[in-house]
Structure formats: structure tokens, C-alpha cells
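Spelled out, the chains give:
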Amino acid sequence: METIFKEYLFEKHILVREEGTEEENPFESLFSLANLFNIRITEGENLVHSDMISFAAKQLGEDVPEPFYRGFPKSVRALSRDQLIFDQMIHYAVTYGLGNFSEAGHSLFEEQMERSAFNEKAEIKDFRIVTEKEAVELLGVMTDQLLAGTRPISEFQFDMIRDYIMTYDHKVQNVASKDTATLLLLDTRNLRFAEFLSLSDVIRLVDALNYEYYESENPYQLNLKNQDRKFVTALIHKLFSLGRCNLRACYEKKKAWNGLLHHLHFKATNEEEQAFLGAMRGKGNESVYSDFERAMAEENITGAVDIMKKEKGSGAVLRNLNYIISRCKTVEDFEYVMKNVDSNNTIVLLQLIIAYTNYDRNQAVRTFKFTKYNKLRVHQETEEEMRRRKSHITVGQAEMLANELRGKLQHRLAGRLGKVYIDEEMQRYALPLQETASQGGFGVLTRGTRLPIGEMKKLRAFTYWEKVNDIDLSCFSIDTKGMQHEFSWRSMAENQSDAVTFSGDETSGYNGGSEYFDIDLEKFRKKYPDHRYLIFCNNVFTGINFSKCFCKAGYMLRDTDDSGFIYEPKTVQSSFLVNCESTFAYLYGIDLTTNEFIWLNMARNSSSRVAGDTSMRFLTDYFHVTDAMSVYDFFRMMATERVFDPTKADVVVTNKTVEVPEGVEVIREYDFEKMIALMNA
């Protein structure tokens, strides 16, 4: 079985016994999984194989380079500021100046120290083992569930479904997301996926093609190769033959269509295509948005809503809700808008409920966040944009909208799942609404998920890399006034303490380098009482994208007086590959008030080599997602009856290992595919 499939299942706490393999020492293999990684096999013990040990090691950390300070963290705190700086200067001179990467460089001043045997209490990781045949069937179900989602998926999820479709000739019945269908068309060049697109989506496809294959983000500057021009031309003809020619929607991208048709030297083969050419080259514009804006300019709110709903559906009304509500002058207009906002689009309802519940956080200068090409884009509102703002609503209106939409969502979801057992801890987990900028790997959670950090535990953030000279792990705090403070390679020489310790800026030999932060949260709060949040990020100082090197990041929860080695797989909560087409990625955060870990995991559209040059305050919006809607809330809405005994439930939502009758579905926090399917049902 291909590695990508086994890695994807490992995220779901599933190991695969491949066909044709035999195991002579099953007990020893089970013992090794438990002893090395705290992996407990709950199902399929008889399928265990020694290959799983090396596979788990690779997922949780294999050949991790040792840090610059061998005695980290104690030895680092013992060094003076001058010693720390001198250490790094000598180290840089050897590695960068002399180009000596033959062996890892180390401190000149730290004392040697012996490490005690690992004896910390670490969290047990429950896994099950399946046969290769069962794994293929599971992946097929997951593929269909991901394809049912209307929102773009992460790059790792897409790579899995594309490879699965091609490897096992999977018969695709539905691709609900235009972005996913577009990428499948581009990667496979199989026009069967055209049935999931419309003519207006060709511009979306050309934009993706221009970026993926020509590294250009300007859709108006095309220089496609002949084979790509032929492919796009064939796609247009195919869409006409399928009758998927939404001409009015094409007007919305009329300028882009003109450029594309000229670049393709497109020739019509029938009257319908000829009419399309005439429409795109003519002077008129019959787009829905033109009519909508005309009605809005005339303060005809009911007419604008009718146009949008008839031509684009209620989802389009929802997406323009701020704009429409901000123009309502009468109670009758407001009531008409709400009457025509139905609940058919669960995803948009969920997104708006979260946005309106937290609306009061965004009343001053707004920061707009969106993703394109699987990277986060951030734009802060300018003074001119504030003056011309079209979509301002009051906090009171936002509260009213959140309540109205929550009621509509409740009505739509009610009674879907019968009897449901929901663990209280699921209130901490966010729903996978849009994870396009996320990286994949073990322990990856949905953005906004909060997890408690136990007492007497410290967080050890880590990153390690190969095939590149230098990657930086940085930590930033945001205080109660919104001010940003930096803890990184350029500031830690004078900030090392029992509260926060940094392992040193690494460039260590052929096996790559590594960096660590230790945060003792109790001591950090005492030392920095006004600091509210911590945010961790990675950037490639060398300047190439993460996709051109090998970089893993994650975190461990260690005892405050930790034993064992710096990198202990037993304590790893997450270890994921950072491989985005960018030099900058946000990893995770900490809420110092609640003592909780908060998942971020976003690649930012950036070529920055140094962290801290831009504000990170906008990231705290993600810290409040579960206040508005959590996995617990979602399943509570769908339950006909909530039961408190998992053996009496039709569906069980928990992360714990539970005994349930055969046929009862168990949904865990990492079952993104099942949640996506339910949100899009």
C-alpha cells in the first residue's frame, strides 16, 4: 500500500497490516509499540507487524537532530547572555562562514550532564490495526465523504483522494466542491470530472492552472503551453455538450473570459458557442451581481434579495448578509431579508453563526482573512476603506442575526441522528469548516480547537528540518492591550528564564537542525502577568518555500521536571509536516488565562524570512470559535435524544475508548470526513 494512504490512516489512529507479510514475534511488536510510543492496540492485535514500529517512529519523530545545547533546557538557563551570544557567533562562523555541515555544532560553555531514564506519565494513544483490504474500503468511504464537502479541503486530503481515485479506479459519484473538482481535472486531465463544473468555472480552473504549472498569480497574464490550451479548449466544448453553460454567470468574469478566449484562439463549433463568444465580446453585462447592485443602489432591498435568491440561491443571500442588512431602513425590509434566508446551506449558516457571535471583537479596524492557493491571506482595513465601508452592522444586529441563524440551523439539523451519546469534552473541539491552509500529520486538529494543558506540565514546542540551512521556530505573546512581544532567536539571549527557554538557533550538519521552546505556563504567568496569549510560528530563514525542504513541527507535553531525552515520542501530542508553498506558517497558540492549547495550523501567503514583522493579533479570532459552535453543539442539535449511556446510543461522539454494540457509529475528533459528510447532507 502506498505510503500516503498509511500516513492518512495513521492520523485516524489506524495501522495497516499489508498483504503478504508475516510476523514471528507479535508480542515483542506490541510491547515495542507500547514501550516506545505509548501506542495501545485496542482492535486487531493479531494483525500486528514489526514494520509498524519503524512506521510509527517515522510519524512521531525519526532521526530528530539533537539541539545545539545538549543539556537543554537546564544548561541554557545556566549560561549568561554573553555566553549565549558568543556561542551562536562561533557556531554561525563555522557553519555559514566555513560551510562546515559535517557534524552538529554544540555549545562551548555548557556543562555535560547525564539524563535520567524516561519516567514521566504520558498520554496513551489508542490505535487499531486493519487488513490492507479493510484499509482500502475505509479509504473509499473517507474519499466519498471528503468529496461530499462543498468547501475546499487541505492539500494532504486532496492528495489522498486523488491518489486513491487513480490507484483503485474509484468511481466518483459526486464532487460537491468546485475547487476539488477543478484540481482533479487539472491533475488527472480526465474530462469525466467536467460534469461537476459549469462553464463559468473554467476561469477558476485556468487561474489554478496558471498558478500550479506556471507559478503566476495573475489570471490576466497567460502564456499557456499548447497542450494546456488544447485541454482548456476541449473542456469548454465538453461543458457545452453537457449543457452546463450558465451564460449569465460568465458575465461576472467577462474581462478574464475575453483574455482567455483570445489566448486560446477559441473557435465556436455550434450556434450556442457562437452566442457565447458574442456575449463575452459584446459591451453589455447581464450578470446577476449587476442587477443586484442596481437594486441595492435604488434602496430596493426586497428586489435585491429576490434577484440574488432566484439566480444564485439562498446561500448567496447569506454570503451578502452584512451588506444587505446594513442597507435596511425599515423593520419590514429586515423581516423580509430574514424570511428569505432559509437553512439549506449548513456550512454557511455555521460560518455566519461563528462570525456574528464573535462580531464585537471586530468593531474597530477590521482584518479580512481568506485563503487562496491553500495559503492564508490577510488584509487589514485601511482608513479609506473604513470611510467607504458598505457592510457595517451594529453589535445588537449581529447578536440578533446569530440567534436567528442558530434557530434556522437547529430546525434544519433536528432529529437527524436519533439517540446520541456526546462526551462533554467535545465542547473543546471545533468543526472542520474550512481547512484549506492546513498541514497534515499525526495529532492535527481542526483550527480553533482547545485542549487543556494538565497541571505540572510544560509545553515543549519543536521543529526540525533537512535539505535547508535554517528554519526558525518563534514564539510571540499578545498582552491584554493587544501589544505583541517576541520570543525568538533575535531576542531570547536576554530572555531565557525558568518561564521560557529556547534551545538556540540551529544549523546542525547533514541531518539538518532542530529548535525547541519550553514554556512553563505557571512561571510564565507570574513573570509576564499582563500577557494573555502565546502564538508559535515557523519561517524559513534561508528563503526557500517549505515545500522545497523537509520540515516537521509539533509539540510535546512534558513534566515540569522532565526526564529522558529532549525528544521523547511518548510525549508527542502532534507531529506534522510543514510543506506549504510559502516561507511562513502559524502552528498553534496558548490561552494563558484558561491554560489551554489552541490549534491554528495555517500556511500564510508570505515570502518573509523573519517572523514578527506583521501583526498576529487577528489570530485571536480563532481562539473563540468553540464559544460560538463546537462539535458538541453540532451533534446536540442533531440528536433526537441525548443519552448518557454509550451502549444505548445510535451514535457515540467521544475520544475515549468505549464498548458499544455492533452497528453503533463512533465519531472522534479526528474523524473530519464523517463531520464533513454530515455538514453537507
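In the block above lies the structure referred to throughout.
None of these values were measured; they are calculated from a predicted model.

1. Details of the overall build of the protein chain
Counting its secondary structure elements, the protein chain contains 25 helices and 21 strands. The C-alpha radius of gyration computed for the protein chain amounts to 27 Å, which stays within 12% of the reference 26 Å derived for 681 residues, consistent with globular compactness. A principal-axis box enclosing the C-alpha atoms of the protein chain has dimensions of 80 × 60 × 55 Å. Here the protein chain holds 681 residues, and 54% of them are scored as buried. Partitioning the intrachain contacts of the protein chain with sequence separation of at least 6 by distance along the chain shows that 74% fall at a separation of at least 24. As displayed, the protein chain has an accessible area near 30500 Å², and 47% of this comes from carbon and sulfur atoms. Computing the positive centroid from 83 side-chain charges and the negative centroid from 102, the protein chain places the two 6 Å apart.

2. A word on the sheet that holds strand 6 (residues 419-422)
Adjacent strands of a sheet form backbone hydrogen bonds with each other and so pair up, either parallel or antiparallel. The sheet built from four strands is open, its strands ordered 19-6-20-21 with parallel pairing. Pairing within the sheet leaves two strands with one partner each, and these edge strands are strand 19 (641-642) and strand 21 (665-667). Summarising the sheet, strand 6 and strand 20 (residues 651-653) pair through three bridges and their orientation is parallel. Bridge pairing in strand 20 links Tyr421 to Val652. Where helix 24 (residues 631-638) meets the sheet, it contacts strand 6, strand 19, strand 20 and strand 21, and its direction lies at approximately 165° from that of strand 6.

3. What about helix 3 (residues 51-60)?
Among the ten residues in helix 3, seven count as buried, and that is most of the element. Three or more residues of helix 3 are buried, namely Met52, Ile53, Phe55, Ala56, Ala57, Gln59 and Leu60. Gly61 occupies a position one or two residues after helix 3 and carries a positive phi of about 135°.

4. Brief notes about the pattern of salt bridges
By the definition in use, this model includes 40 salt bridges. Measuring nitrogen to oxygen at the nearest pair gives 2.6 Å for the salt bridge that ties Asp518 to Arg460. Placement of the pair is Asp518 in strand 13 (residues 513-519) and Arg460 in strand 9 (residues 457-466), with a sequence separation of 58 residues. In this structure Arg460 comes out as buried when scored by relative accessible area, which is 0%. Here Lys674 and Glu665 are joined by a salt bridge, their closest N and O atoms 3.9 Å apart. Glu665 gets classed as partly exposed once you look at its relative accessible area, which sits at 35%.

5. Considerations on the state of the cysteines
Within the structure shown, the criterion is met by zero disulfides. The thiol sulfur of Cys551 is not disulfide-bonded, and the nearest other cysteine sulfur, from Cys549, lies at 6.1 Å.

6. What about the sheet that holds strand 1 (residues 14-17)?
Pairing within the open sheet is parallel, and its three strands lie in the order 1-3-2. Two strands lie at the open edges of the sheet, namely strand 1 and strand 2 (39-43), each paired on one side alone. Adjacent strand axes in the sheet meet at a mean angle of 40°, parallel and antiparallel pairs treated alike. By the bridge criterion, four bridges tie strand 2 to strand 3 (residues 125-131) in an arrangement that is parallel. Residue Ile41 lies in a different strand from strand 3, and its bridge partner there is Phe127.

7. A few points about the side chain of Lys254
With respect to the element layout, Lys254 can be found in helix 12 (residues 254-264). Put simply, Lys254 is tucked away with no salt bridge, and the nearest opposite charge, on Glu286, sits 8.5 Å away. At 2.4 Å, the side chain of Lys254 forms a polar contact with the backbone oxygen of Gly282. Not counting chain neighbours up to four residues away, the residues in contact with Lys254 comprise Ala279, Met280, Gly282, Lys283 and Gly284.

8. Considerations on the pairing of strand 14 (residues 531-540)
With nine of ten residues buried, strand 14 is to be regarded as a mostly interior element. In terms of strand pairing, strand 10 (residues 471-479) meets strand 14 through nine bridges, oriented antiparallel. Directly across from Ile471, in strand 14, lies its bridge partner Val540. Sheet analysis places strand 14 next to strand 17 (residues 584-591), joined by seven bridges and oriented antiparallel. If you follow Ile535 over to strand 17, its bridge partner there is Gly589.

9. Observations regarding the packing of aromatic side chains
Taken as a whole and judged by the stated rule, the model has 37 aromatic pairs. Consider the rings of Tyr555 and Tyr588, whose centres lie 5.6 Å apart with planes at 55°: the pair is tilted. Residue Tyr555 is located in strand 15 (residues 550-559), and its partner Tyr588 is located in strand 17; the two are separated by 33 residues in the primary sequence. Just as Tyr555 is buried, Tyr588 falls in that class too. In textbook terms, an aromatic cluster arises when at least three aromatic residues are bridged by ring pairs, as seen for Phe502, Phe517, Phe536, Tyr555, Phe576, Tyr588, Phe597 and Trp599. The side chain of Lys255 reaches across the aromatic face of Tyr220, ending 4.8 Å from its centre. Over the aromatic face of Tyr622 sits the side chain of Lys369, whose NZ or CZ is 5.6 Å from the ring centroid.

What counts, and where the lines are drawn
- Residue numbers restart at each chain and count upward from 1, following the sequence in its written direction.
- In view of the model being predicted, local features appear only for residues whose pLDDT reaches at least 70, and side-chain atom pairs are presented and counted only at 80 or more, with totals across whole chains, interfaces and linings using the full set of residues.
- Hydrogen atoms and water are omitted, and side-chain values are computed over all heavy atoms in the structure.
- Secondary structure elements are taken from DSSP: a helix is a run of H or I of four residues or more, a strand is a run of E of two residues or more, and numbering for both begins at the N terminus.
- All radius of gyration figures rest on C-alpha atoms, and the globule criterion is 2.2 Å times the number of residues raised to 0.38.
- Throughout this description, buried means an accessible area under 20% of the type-specific maximum (1.4 Å probe, protein chains only), exposed means over 50%, and partly exposed covers the range between.
- Should any heavy atoms of two residues lie within 4.5 Å, those residues are considered in contact.
- Shrake-Rupley sampling with a 1.4 Å probe provides the accessible areas, and residues are treated as covered by the protein chains on show and by no other component.
- By the counting rule applied here, Lys and Arg register as positive and Asp and Glu as negative, while His and the ends of each chain are not counted.
- By convention, the charge on Lys lies at NZ, on Arg at CZ, on Asp at CG and on Glu at CD.
- Being paired, for any two strands, means DSSP has found at least two bridges between them.
- To get an axis, a line is fitted to the C-alpha atoms, and for a helix only the part in contact is used. The angle between two axes follows their N-to-C directions and goes from 0 to 180 degrees.
- The term salt bridge refers to a side-chain nitrogen of Lys or Arg lying within 4 Å of a carboxyl oxygen of Asp or Glu.
- Note on terminology: disulfide denotes any pair of cysteine sulfur atoms within 2.5 Å.
- The term polar contact refers here to a pair of N or O atoms within 3.5 Å; inside protein, the definition further demands a hydrogen-donor-capable atom paired with an acceptor-capable atom, and it admits residues adjacent in sequence only when both atoms are side-chain atoms.
- Only centres within 6.5 Å qualify two rings of Phe, Tyr or Trp (six-membered ring in Trp) as a pair; their planes then separate them into stacked at under 30 degrees, edge-to-face at over 60, and tilted for everything else.
- Geometrically, a lysine NZ or arginine CZ counts as sitting over a ring once it is within 6 Å of the ring centre and also within 35 degrees of the ring normal.

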